[in-house]
Amino acid sequence: AQSVTQPDIHITVSEGASLELRCNYSYGATPYLFWYVQSPGQGLQLLLKYFSGDTLVQGIKGFEAEFKRSQSSFNLRKPSVHWSDAAEYFCAVGADNDYKLSFGAGTTVTVRA
Amino acid sequence: SQTIHQWPATLVQPVGSPLSLECTVEGTSNPNLYWYRQAAGRGLQLLFYSVGIGQISSEVPQNLSASRPQDRQFILSSKKLLLSDSGFYLCAWSSGTGKYEQYFGPGTRLTVT
């Protein structure tokens, strides 16, 4: 079965600085990879997804992620964070013929002025 | 476009009382449906999923149950709530023919007193 590790529980970043959130997955074949964002008291919103093809994927809100098969990673990046990016971010992995996604434990991002 | 609704948004219930949370999806047919729970400060726990009417898979043994009486309706129930049932409940859907990316509802905050 597939699994996901998000090594960073909490990250603090200054407004305007770059952000990178780490995600490592475990799966024997090509995974389907996702990043979601959750603001306090809200549901999860899909930021971006990777199924195949170009390993650098663009998402909403200025986020991008890069799939690196050799490192089993799918890190999320944003060049310049805004105060509104303060939220919890979840990485998830899926697989063919599996209706379920495996979610990481999440990374909380705090943005300081 | 597809939308997902959950109600109620918040609920305070005494221990031992019954529970019914409802989730409906619009704009799609034959979706896969999911119930998750987030306990305070913790990640997502998949409770149930359904790939069709009357088809329910349980992921975690507990005093909760789920039903799918109609194609786009998913209900989470309990006969007697426990304090440990408190949390944030999220419903999600995915396409029955896609790569299983999931889209989440706004959630229900349940407090058991």
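Just so you know, these numbers come straight off a predicted model, no measurement behind them.

Draft legend 1. Region of interest: the nonpolar core. If you look at the biggest cluster of nonpolar residues, it comprises 26 residues, and the most contacted ones within it are A:Trp35, A:Leu48, A:Phe74, A:Leu76 and A:Tyr89. Mapped by element, the contributors of at least two residues to this core are β2 (10-14), β3 (19-21), β5 (32-38), β6 (44-50), β8 (64-68), β9 (73-78), β10 (87-94) and β12 (107-112) of chain A. With four residues, the single largest contributor to this core is β10(A). The contacts of A:Leu48, once residues within four sequence positions are left out, are A:Leu33, A:Phe34, A:Trp35, A:Val57, A:Gln58, A:Gly59, A:Phe63, A:Glu64, A:Ala65, A:Phe74 and A:Leu76. Listed in part, the 20 residues of the second largest apolar core include B:Leu11, B:Leu21, B:Trp35 and B:Trp93.

Draft legend 2. Examining the state of the cysteines more closely. Taken as a whole and assessed by the stated rule, the structure comprises two disulfides over all chains. For A:Cys23, the disulfide goes to A:Cys91, at an S-S distance of 1.9 Å. Taking the torsion about the S-S bond as the criterion, the A:Cys23 to A:Cys91 disulfide, at about -65 degrees, is left-handed. With A:Cys23 in the loop between β3 and β4 (24-26) and A:Cys91 in strand β10, this residue pair connects regions lying 68 residues apart in the sequence. On the basis of relative accessible area, A:Cys23 is assigned to the buried category, the value being 0%. The class of A:Cys91 is buried, set by a relative accessible area of 0%. B:Cys23 shares a disulfide with B:Cys91; S-S distance 2.0 Å. The sign of the S-S torsion, about -75 degrees, decides the handedness of the disulfide formed by B:Cys23 and B:Cys91: left-handed.

Draft legend 3. The arrangement of the pattern of salt bridges in detail. Tallied over the full model, the rule gives eight salt bridges over all chains. Ionic pairing is found between A:Arg22 and A:Asp8, a salt bridge with its closest N-O pair at 2.9 Å. Note that A:Arg22 is positioned in the loop between β3 and β4 and A:Asp8 in the loop between β1 (3-5) and β2, a separation of 14 residues in sequence. Of the residues examined, A:Arg22 reaches a relative accessible area of 39% and is grouped as partly exposed. Judged by its relative accessible area of 19%, A:Asp8 falls in the buried class. In this structure, B:Asp85 and B:Arg37 form a salt bridge, with 3.6 Å as the shortest nitrogen-oxygen distance. With B:Asp85 in the loop between β8 (73-78) and β9 (87-94) and B:Arg37 in strand β4 (residues 32-38), this pair connects stretches of sequence that are 48 residues apart. When sorted by exposure, B:Asp85 lands in the same class as B:Arg37, which is buried. Among the ionic contacts, a cluster of salt bridges with common partners joins A:Glu64, A:Glu66 and A:Arg77.

Draft legend 4. Fine view of unusual backbone geometry. In this structure, the amide linkage connecting B:Trp7 to the following residue, B:Pro8, adopts the cis form with an omega of 0 degrees. Inspection of the secondary structure puts B:Pro8 in the loop between β1 (3-7) and β2 (10-13). You will see that A:Ser72, though not glycine, has its phi angle at about 50 degrees, which is positive. Relative to the elements of secondary structure, A:Ser72 occurs in the loop between β8 and β9. The backbone phi angle of B:Asn30 is positive, close to 55 degrees, even though this residue is not glycine.

Calculation criteria
- Residue indices begin from 1 for each chain and proceed along its sequence in written order.
- By the order in which they are written, chains take letters starting at A while ligands take numbers starting at 1.
- Residue-level local features of this predicted model are given only where pLDDT is at least 70; pairs of side-chain atoms are given and counted only at 80 or more, and the full residue set underlies all totals for whole chains, interfaces and linings.
- By convention in this description, side-chain values take in all heavy atoms of the structure and omit both hydrogens and water.
- Here, the term nonpolar core denotes a set of buried Ala, Val, Leu, Ile, Met, Phe, Trp, Tyr and Cys residues that are joined through side-chain atoms within 4.5 Å.
- Throughout, exposure labels follow a simple rule: accessible area from a 1.4 Å probe, protein chains only, divided by the maximum for the residue type, with under 20% read as buried, over 50% as exposed, and the rest as partly exposed.
- Strands are runs of DSSP state E lasting at least 2 residues, helices are runs of H or I lasting at least 4, and numbering of each runs from the N terminus.
- Here, residues are in contact when the closest pair of their heavy atoms is within 4.5 Å.
- To count as a disulfide, a pair of cysteine sulfur atoms needs to be within 2.5 Å.
- The term salt bridge refers to a pairing of a side-chain nitrogen on Lys or Arg with a carboxyl oxygen on Asp or Glu at a separation within 4 Å.

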